[in-house]
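A look at the structure
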Amino acid sequence: MNKTAIVTGGARRIGAAICRHLHACGLDVIIHYHTSDAAAEALAVELETQRPGSVRLLKADLAEVVFEDLVREALTFNDRIDVLINNASLFYPTPLDDLSEDNWQEMLNINLKAPLCLARCAADYLARQSGCIINITDIYAEIPLADYIIYSLTQSGLTRMTRQLARDLAPGIRVNAIAPGAILWPEHRPAGHEQAILERIPLQRIGDVMDIARAAEFLINDAGYLTGQVITVDGGRRLNF
Ligand SMILES: NC(=O)c1ccc[n+]([C@@H]2O[C@H](COP(=O)([O-])OP(=O)(O)OC[C@H]3O[C@@H](n4cnc5c(N)ncnc54)[C@H](OP(=O)(O)O)[C@@H]3O)[C@@H](O)[C@H]2O)c1
């Protein structure tokens, strides 16, 4: 049975690139998604055409799901989990003068509670495979992004969680994070946003989804002595804050 990875929010954008790349590297993939049914199904068909029996779709709202059930369902695929990639997240502004309890709960649930609960529920199975967890965080875990205080706090928490889990789940499971800079533009963005960001990136371009996918491959296959680390993939943006 092939190594098996679960990628949350795996139907589109960065998550889909990670699924495609890990699949090309020989892993079977469990593509978790929530609302992107059509994209998830298209991706599954694409990958299944290349290697039949190598993909499973898992639909769940991470705000509502029972995490034990989600992991149990994932195990019905290959009866193993080698890699958990916590990629799903919510990203929207929450200006200080417009904070709401709903936004707070929603973002904490998806960006912070879900990765922790998935890690906890999958831990026994990951340990059996000497597996690994990769949390996709953000450079804004460390540098403040104006008007995004709740998102930024969740990303800081996820970074801190990465180190804590690396300690608590060792030696059986390695836990690392990837902190992307600008990789894909947000789907809803203000005018002038792109130029303002580009001017602050020393490499003078945004990244590619494959930069994140290859970092994930490295953490899975070539980083056996790495745990509790964050790989920043940002073209140097953090140097020019
Ligand atoms: N894009 C960038 O340049 C960038 C920069 C820095 C950090 N990041 C981080 O990289 C990761 C991927 O970025 P992205 O831009 O590709 O992400 P995205 O498109 O904003 O979101 C990824 C997925 O999260 C899933 N999701 C949201 N709410 C959910 C819920 N309630 N239950 C289950 N799934 C839910 C969605 O799945 P469905 O579509 O199926 O609903 C969505 O496709 C994120 O963790 C993000 O914080 C991205």
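In this text the structure is predicted, and so the values were computed from the model without any measurement. (Residues numbered from 1 in each chain as written. Predicted model: local features only at pLDDT ≥ 70, side-chain atom pairs only at ≥ 80, totals over all residues. Heavy atoms only, no water.)

Observations concerning the packing of aromatic side chains
By the definition in use, this model includes two aromatic pairs. Between Phe91 and Tyr151, the aromatic rings sit 4.7 Å apart at their centres with planes inclined by 80°, giving edge-to-face as the arrangement. Residue Phe91 is located in the loop between strand E4 (83-86) and helix H4 (101-128), and its partner Tyr151 is located in helix H5 (residues 149-168); the two are separated by 60 residues in the primary sequence. You can call Tyr151 buried: its relative accessible area is 4%. Here the aromatic cluster, defined as three or more aromatic residues joined through ring pairs, consists of Phe91, Tyr148 and Tyr151. (Phe/Tyr/Trp six-rings, centres within 6.5 Å; stacked < 30°, edge-to-face > 60°. Helix = DSSP H or I, 4+ residues; strand = E, 2+ residues; numbered from the N terminus. Buried < 20%, exposed > 50% of the residue type's maximum accessible area, 1.4 Å probe, protein only.)

So, the site of the ligand
Among the 26 residues in the neighbourhood of the ligand, the closest are listed as His34, Thr35, Ser36, Asn87 and Tyr151. At 3.1 Å, a backbone N or O of Ile14 approaches an oxygen atom of the ligand. In the model, an oxygen atom of the ligand is placed 2.8 Å from a nitrogen or oxygen of the Ile183 main chain. Look at the ligand: alone it shows 880 Å² of surface, and the protein chains cover 88% of it. Contributing elements (two or more residues each) for the shell around the ligand: helix H1 (13-24) and strand E2 (28-33). In terms of residue class, the shell around the ligand is made up of 13 nonpolar, nine polar and four charged. (Near = heavy atom within 4 Å. Polar contact = N/O pair within 3.5 Å; in protein donor to acceptor, adjacent residues only side chain to side chain. Areas by Shrake-Rupley, 256 points an atom, 1.4 Å probe, with all protein chains shown as cover. Nonpolar A, V, L, I, M, F, W, Y, C, P; charged D, E, K, R; others polar.)

Points about the pairing of strand E1 (residues 4-7)
In E1, alternate side chains face the same way, and those of Thr4 and Ile6 on one face and Ala5 and Val7 on the other are all buried. Both E1 and E2 contribute to a ladder of four bridges, which runs parallel. Following the sheet pairing, Thr4 is matched in E2 by Asp28. A crossover connection joins E1 to the parallel E2 through H1; in handedness this β-α-β unit is right-handed. By the bridge criterion, three bridges tie E1 to E4 in an arrangement that is parallel. Directly across from Ile6, in E4, lies its bridge partner Leu84. (Pairing = 2+ DSSP bridges. Right-handed = clockwise from strand over helix to strand, strands pointing away.)

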